[in-house]
Amino acid sequence: MFLLLLLACRDDEETGSPPDTDDGPADATVSGLVPLPALVEDGEGVYALDAGTQIVAAGDAEDVGALLAEALRPATGLPLEVVEEGEGVVLTLDASLGAEAYTLDVTEDGVALVGGDADGLFWGTQTLRQLLPPASLSTDEQDVEWAVPVVHIEDAPRFAWRGLMIDVARHFFTIEELERQVDLLALHKMNRLHLHLTDDQGWRVEITGWPDLAAIGGATEVGGGTGGYYTQAELGALIDYAEARHVTVVPEIDFPGHANAALSAYAELNEDGVCADVYTGAGVISTPLWLDGPDTYDFVEDVLVEVAALTSGPWLHVGGDEAVDVSDADYAAFVQWMQEVVAAEGKTMVAWDEVGDVALDTPFVTQHWIDADRARAAAAQGGSILSSPAEHAYLDMMYDYDGEYGQIWAGPIDIEAAYDWDPVPSGVDEAQVLGVEGALWTEYVDDEEKLDFMVWPRLAAHAELGWSEQGDWADFRERLAWHGARLETLGVGFNATDEVDWVSAAEAR
Ligand code: TNX
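Worth saying up front: this structure is predicted, and the values here are computed from it rather than measured. (Residues numbered from 1 in each chain as written. Predicted model: local features only at pLDDT ≥ 70, side-chain atom pairs only at ≥ 80, totals over all residues. Heavy atoms only, no water.)

K.L.:
Would you take a moment to explain helix α9 (residues 328–344) for this structure?
P.N.:
One full turn of an α-helix is made of 3.6 residues, so residues set three or four places apart face in the same direction. Along its 17 residues, α9 runs 24 Å from first to last C-alpha, staying within 8% of the 24 Å computed at 1.5 Å per residue. Buried within α9 are the following residues: Tyr331, Ala332, Phe334, Val335, Trp337, Met338, Gln339, Val341 and Val342. The positive-phi residue at the C-terminal boundary of α9 is Gly346, with phi of around 80°. (Helix = DSSP H or I, 4+ residues; strand = E, 2+ residues; numbered from the N terminus. Expected span 1.5 Å × (residues − 1). Buried < 20%, exposed > 50% of the residue type's maximum accessible area, 1.4 Å probe, protein only.)

Set out below in structure tokens:
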């Protein structure tokens, strides 16, 4: 792997860089990059974008070049024409660098960005956005010198999966709200948006063969609000939007527990032949499917097949958590059967760590949230582990005991607690760990303002854990201070806890 090399500081005045405080690992704060790249060698001088600057990108690099130009035009007011040949900001591909890797060379004459693939090239453009002043992230034109510091960067992610889960079942969030989070994920080199689409309190995806799932199950949420659901066309558009930004949507349908919304929509799924009452409480009830019902398996298959067809990615999350009142034998048989259905649709099954004790075929992914023994059992049978341990990765936990809303059972989780842990559970080989995912459950998160506050900046900590080999808390908090100016410029209502000496957007100019 790469060596961490963080050299002398640049001229702060000239580059608009955060002040370098000369103590300890502060050199790493020079550009305030989050996540920290594998290798950063600072040089002297800057390259300034101006009215003549072109973005040079041909072939498979062109889409990435177009997105970079689109991202930088509003704040800079520069034309940033995308051309196939020439000088300026030059984007190329070189497969020998490997998946998701890139190198970035800024000299006083221009920028050379090389991606190992289109993903790597795109992540490199996110580093470039972070090397520019935070004002470059504004949607309004700003009067700033668009200087990029001279630097050499080599970078590649530690883990392939860097994700955010949003529970849209307990409270509904619109496609626009989700797209905004996709943009934020991309800026942090995060590449998965996991949508928890169904739960006891709501069903959020149209299933054409079972229309009342959305019509009835989608018409409520925690607290009794009107909820909502996504048509397949709407979800398809979100999947495309995310894919264009190198983020894969992972849909989750939670079976066999957490199924009350489905049971409230269809009488035949209930043992007593009567639709279950709608549930709008905040507490977890986890009503299970009636696994002996004559229609239940057909129903589940229809749902999984339709959702599998919607997603462009290779994964389908089937939940599997908290199947209370289901016998171990019934649970195992049902999960094994779901895996067959998912595999027949060409997808890999993802499920919460409860499935670790079930004999499964490889490949499969276990999302570790509560029980490390079950994660180890999953790994022992050849599964991949996605790390979301509740005490570090559950974004519905309060930051401290004085939080106004949120859960506390696995918390509190301040920024340091979100950062300072190892995604590799003890007894599991790092090669079997797919990555890191922050999980926002939304029993107590009912609008975008609360969503921003609970997710950010803790997800930036998860982004770095998923991406970077190095970096420690002291160093991260220094860089995060500067990163706060970026989040502020983007209008993210993040929780500016007193763990960090935040730099404001005004100070960062
Ligand atoms: C546990 S995590 C749950 C969710 C709740 C969450 C609240 C998991 C797989 N199940 O149903 O929303 O705790 O923190």
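K.L.:
Before we go on, may I ask you to explain the site of the ligand in this structure?
P.N.:
Near the ligand there are 14 residues, and of these Arg170, Tyr394, Asp396, Trp409 and Glu443 occur at the shortest range. At 3.1 Å, a side-chain N or O of Asp321 approaches a nitrogen atom of the ligand. Between Trp409 and the ligand, the recorded distance is 2.9 Å, taken from a side-chain N or O atom to an oxygen atom. For the ligand, whose accessible area on its own is 360 Å², the fraction buried by protein is 98%. Looking at side-chain class alone, the shell around the ligand contains 7 nonpolar, 2 polar and 5 charged residues. (Near = heavy atom within 4 Å. Polar contact = N/O pair within 3.5 Å; in protein donor to acceptor, adjacent residues only side chain to side chain. Areas by Shrake-Rupley, 256 points an atom, 1.4 Å probe, with all protein chains shown as cover. Nonpolar A, V, L, I, M, F, W, Y, C, P; charged D, E, K, R; others polar.)

K.L.:
When you look at a negative patch on the surface in this model, what are you seeing that I'm missing?
P.N.:
A cluster of acidic residues, Asp60, Glu62, Asp63, Glu84 and Glu85, forms a negative patch at the surface. Tracing the backbone through its elements, the reader meets Glu85 in the loop between β3 (81–83) and β4 (89–93). Owing to a relative accessible area of 70%, Glu85 belongs among the exposed residues under this scheme. (Patch = residues over 30% accessible without salt bridge, like charges linked within 9 Å, V, L, I, M, F, W, Y side chains within 5 Å. Salt bridge = Lys/Arg side-chain N within 4 Å of Asp/Glu carboxyl O. Lys, Arg positive; Asp, Glu negative; His and termini not counted. Charge placed at Lys NZ, Arg CZ, Asp CG, Glu CD.)

K.L.:
Looking at this structure, I do not really get the side chain of Asn191. What am I missing?
P.N.:
If you trace the backbone, Asn191 turns up in the loop between α4 (175–187) and β9 (192–196). Setting aside residues no more than four positions away along its own chain, Asn191 makes contact with Glu100, Trp123, Ala160, Trp161, Arg162, His246, Val247 and Thr248. (Contact = heavy atoms within 4.5 Å.)

K.L.:
I keep staring at the sheet that holds strand β13 (residues 315–319) and nothing clicks. Help me out?
P.N.:
Think of a sheet as strands paired side by side through backbone hydrogen bonds, with each pair either parallel or antiparallel. Pairing in this closed barrel of 8 strands is parallel, and the strands run β8-β9-β12-β13-β14-β15-β16-β17 around the ring. Along the sheet, successive strands turn relative to each other by an average axial angle of 30°, direction set aside. As paired elements, β9 and strand β12 (residues 248–255) share 5 bridges and run parallel to each other. By the bridge assignment, Leu195 is partnered in β12 with Pro251. Across the sheet, helix α14 (residues 458–467) lies against β8 (161–167) and β17 (433–440), angled at about 175° from β17, the strand it touches most. (Pairing = 2+ DSSP bridges. Axes fitted to C-alpha atoms, helices over the stretch in contact; angles between N-to-C directions.)

K.L.:
I'm lost on the pattern of salt bridges in this one. Help?
P.N.:
Between side chains of opposite charge, a pair can form as their charged atoms come close. Applying the stated rule across the entire model yields 18 salt bridges. A salt bridge links Arg158 to Glu430; its shortest N-O distance comes to 2.9 Å. Pair noted here: Arg158 is in the loop between β7 (147–155) and β8 and Glu430 is in the loop between α12 (415–419) and β17, with a separation of 272 residues, a long-range link. Of the residues examined, Arg158 reaches a relative accessible area of 22% and is grouped as partly exposed. Overall, the relative accessible area of 35% leaves Glu430 in the partly exposed class. Where Arg170 meets Glu443, a salt bridge forms, and the shortest distance between an N and an O atom there is 3.3 Å. Remark: Glu443 occurs in the loop between β17 and α13 (448–455) and Arg170 occurs in the loop between β8 and α4; sequence separation between them is 273 residues. Connected through salt bridges with shared partners, the residues Asp167, Arg170, Asp199 and Glu443 form a single ionic network.

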